[in-house]
Amino acid sequence: MSDNETDASVLGKRSRNGQDSEEQQVKAEDIEGQRDHPMDAENDDDDDDDVGPMPMPADAEHHVAKKKRKVLPHEKLYLDHLPSADRYYKSFMHRDVINFSVFTRTEFLVTSSVDGIVKLWKKQEQGIEFVKLYRAHLAPVVAVSASADGQLFASVAEDGSVKVFDVVNFDIINMLKLDYIPNACCWVHKRGQALGVLAVSERKTGTIRLYDGRGDGKPLETIAKLHRFPVHIMTYSDRYDCVISADEGGFIEYWQPLEPFELPKNVHGLWSYKSETDLYEFKKAKSTPTCISLSPDSTHFATFSLPDRQIRIFSFLSGKMTRRYDESLAAIQEMQQAGTAIYKVEDMEFGRRLAVERELELPGPDDRIPGMWINAVWDESGSFVIYPTLLGIKGIMQFSRTDTICPTVVNTVTNRVVRLLGKDETVRFMNLTLYQGAPAKKGRTTAAAAASANPLLAEKAVRDPTLVSTGYKRQRFYMFTRSEPEDDKSGDRDIFNERPTREEQSIAASTPAIRGGPSPVANSATIHTTLGDMHLRLFPQQAPKAVENFVGHARSGYFEGVIFHRVIPKFMIQTGDPLGDGTGGTSIWGDEFEDEFSDDLKHDRPYTVSMANAGPNTNGSQFFITTTATPWLDKKHTIFGRVLSGLEVVHAIENAKTNKMDKPYEDIKIINIDVE
């Protein structure tokens, strides 16, 4: 019998005479036996993933062993120790855009913003508590690092300053002044070591310098020959006393923080030649990693890279790539069009998010790419990788083809997406950090120990797993827990923990009420719509006539049932016309009234409430709310308020499907407006 006939039998084709010979059956059984061989299991998995199943003859089913589904032991327990709510529970503020968030082993959360502010928060039994704020730098923070034991924290800024914090005592213990612009920093000393060693890389060269974190700022060592390009990522393995660093050229290096700063020699099973590894993967793909995140036991590390947008998982010892998840825009668009994505987004909303994704790769005013803040984190078991994507936050998925979209939780053992957090939020999540401890009781219990069914562990405090994420161009960080927000429409989950600026204080100064009756103006109002409530601050001092007109119409019920007749994404939403077509509406005086411009109020931020007009001094009843900064409207439209909370309602209206005249297909109405 020919080889072709034998192969045909294996592929499920019958012989010409309609019968299978004994030789064909034996051949098929031999091949099945080879597939069950343990040495070929990993290769077999890869073939199935890349090619797909082969056809099988109906009469040969009894010859083929059914492939077992991979199972992660204690998976349910591990998932119980991860956040599970679809929406973020609470958010807290900085004055400017937040770029980094780090949970330390000492149960502190440290956040930093581009204006040089560093805040410390303490994890409580439920939620977090603010501890202290430091104006640490006068320039944007470019990198932060927490030590392996959680005792020390460092931040570096573009002005060449380094600040070292004693986390437990929430105090600055040292300040270093560098004679170069830093690019990255990392603590590179073992847990419990007396000398705290901080590695800082230079922005314009591949040089790395080691400093005593409590010293005088003179370098202990200078490493000039390790990298040829500026190093922008460093991470330290306490288990192997080894640093993994990446430069902007796409090169990955392992090195010990001791002379001669080479590959560790005392790590059994570690690769010897880089040609044996997959560490050239980034260079081959012409991409740059944005993060290197070690698993808790340092057996693997995960990376995300731009511009190819791939999540790669490497074995630490072999340097081989064990998994790759495709998060490229092309793949996501293909799945969106084919309807095979893990979560289907409306086409208009998908287009808006796609535009944001492209912005992430464009350099900002500081010449830095915002997408370089994106990272991936591991859970405490090392079985799940969590990373932000186009839709929210993802936890790792089944490995066939990647359809990651939000911050996601992916099981790297069974390759299934087990969580998709924040998919309905309007925030593009960026930099993640995860806490899984139980702060109510002293001592730490690992997931593996809890899985042992020890009855003594039943008395332990219930965990409060918390995932914290920053947002693109957001002055807030967002907390995902196992609890859904109590009432997200009221805006109570967005905490206003920052004091108002002098400008805001002067704007918020109230006008005294007239005794004997309600004041014709007000300081705040709530617009109740069919999609939720928006809470406004009004500015009667800067725009008294516009506020009086708005308040008068609100109290008289003029706005009740009025629709949002004009909606333009990434610009504004407009309402206030009782006719519903943009041509109607009058003031409370019956005539048009004049514009009121103030140097204190500008269209320099979203959620600004302004009068709509047909030219100078033609104000009536129509008004609009911006969804982005619109400086070209300054001195053309009167600003009389700003939305403080209920921002998700603004975006829900903004994302409504509209016709060619920018009018929503489904009417979105004002129910009524309460003024205070």
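What you see is a predicted model, and the numbers here were worked out from it, not measured in a lab.

(A) Region of interest: unusual backbone geometry. Cis peptide bonds are those with omega within 30 degrees of zero, and the linkage from E259 to P260 qualifies with 10 degrees. Here P260 lies in the loop between β16 (252-255) and α5 (281-285). Cis geometry marks the peptide bond from L306 to P307; its omega dihedral reads 5 degrees. Following the sequence through the fold, P307 ends up in the loop between β18 (300-306) and β19 (310-315). Non-glycine residue S298 carries a positive phi angle of around 60 degrees. Locating S298 in the fold gives a position in the loop between β17 (288-294) and β18. Despite not being glycine, K570 has its phi angle at roughly 60 degrees, a positive value. With respect to the helices, strands and loops of the structure, K570 is situated in the loop between β31 (566-568) and β32 (572-575). Using a relative accessible area of 39% as the deciding quantity, one classes K570 as partly exposed.

(B) Broad picture of helix α6 (residues 329-338). When α6 is considered as a whole, its buried residues turn out to be L329, A331, I332, M335 and Q336. Projection of α6 onto a plane perpendicular to its axis shows the buried side chains occupying an angular sector of 160 degrees, all on one side. Projecting away from the buried face of α6 at angles above 90 degrees are the exposed residues A330, Q337 and A338. Lining the buried residues of α6 we find β20 (321-326) and α7 (347-359). Phi for G339, located one or two positions after α6, is positive at around 75 degrees.

(C) A look at the packing of α6 against α7. Packing of α6 against α7 brings their axes to within 12 Å, and their N-to-C directions diverge by 180 degrees. The orientation of α6 with respect to α7, classified from their angle, is roughly antiparallel. On the side of α6, the interface is formed by L329, I332, Q333 and Q336, while α7 contributes D347, F350, L354, E357 and R358. Split by residue class, the contact of α6 with α7 holds four nonpolar, two polar and three charged.

(D) Broad picture of the sheet that holds β20. Within the open sheet, the four strands sit side by side as β17-β18-β19-β20. Their pairing is antiparallel. Edge positions in the sheet fall to β17 and β20, since each of these pairs with one other strand and no more. Ignoring strand direction, the axes of neighbouring strands in this sheet form an average angle of 20 degrees. Note: β19 against β20, five bridges, orientation antiparallel. Along β20, the bridge assignment pairs I313 with R323.

(E) Looking closely at the side chain of R474. Assignment of secondary structure puts R474 in the loop between β27 (466-471) and β28 (476-480). Engagement of the side chain of R474 in a polar contact is seen with the side chain of Y478, the distance being 3.3 Å. Residues within four places of R474 in sequence aside, it is in contact with D96, V97, I98, T426, V427 and H651.

(F) Molecular detail of the state of the cysteines. On inspection of all chains with the given rule, the structure shows zero disulfides. Considering cysteine sulfurs only, C185 is the nearest to C186, which forms no disulfide, with 7.4 Å between them.

(G) Molecular detail of the sheet that holds strand β11 (residues 197-202). Pairing in this open sheet of four strands is antiparallel, and the strands run β10-β11-β12-β13 from one edge to the other. Where the open sheet ends on each side, the last strands, each with one partner, are β10 (182-187) and β13 (221-223). Shown here is a sheet whose adjacent strand axes are inclined to one another by a mean of 25 degrees, direction ignored. Looking at chain direction, strand β12 (residues 208-212) and β13 are connected through three bridges and run antiparallel. Looking across to β13, one finds that R209 is bridged to T222.

(H) Region of the structure containing the nonpolar core. Ranked by size, the top nonpolar core spans 33 residues in total, and within it M534, L538, F550, F640 and I673 carry the most contacts. For this core, the secondary structure elements donating two or more residues are β29 (524-529), β30 (532-538), α10 (544-556), β33 (608-611), β34 (623-626), β35 (639-645), α11 (647-654) and β36 (670-675). Among the elements that line this core, the one with the most residues is α10, at five residues. If we ignore the near neighbours within four places in the chain, the residues touching I673 are A525, T526, I527, F550, A554 and F559. Counting 32 residues, the second largest nonpolar core, distinct from the first, contains V110, A136, I313 and W373.

(I) Molecular detail of the pattern of salt bridges. Counted according to the given criterion, the structure contains 29 salt bridges. As a salt-bridge pair, E281 and R324 come within 3.2 Å of each other at their nearest N and O atoms. With E281 in helix α5 and R324 in strand β20, this pair connects stretches of sequence that are 43 residues apart. Residue classification places R324 among the partly exposed residues on the basis of a relative accessible area of 38%. In this structure, E380 and R463 form a salt bridge, with 2.8 Å as the shortest nitrogen-oxygen distance.

Cut-offs used in this document
Residues numbered from 1 in each chain as written. Predicted model: local features only at pLDDT ≥ 70, side-chain atom pairs only at ≥ 80, totals over all residues. Heavy atoms only, no water. Helix = DSSP H or I, 4+ residues; strand = E, 2+ residues; numbered from the N terminus. Buried < 20%, exposed > 50% of the residue type's maximum accessible area, 1.4 Å probe, protein only. Arc of directions from axis to C-beta. Contact = heavy atoms within 4.5 Å. Axes fitted to C-alpha atoms, helices over the stretch in contact; angles between N-to-C directions. Parallel < 35°, antiparallel > 145°, perpendicular 65-115°, else oblique. Nonpolar A, V, L, I, M, F, W, Y, C, P; charged D, E, K, R; others polar. Pairing = 2+ DSSP bridges. Polar contact = N/O pair within 3.5 Å; in protein donor to acceptor, adjacent residues only side chain to side chain. Disulfide = S-S within 2.5 Å. Core = buried A, V, L, I, M, F, W, Y, C linked by side-chain atoms within 4.5 Å. Salt bridge = Lys/Arg side-chain N within 4 Å of Asp/Glu carboxyl O.

Nothing here speaks to function; it is geometry throughout.
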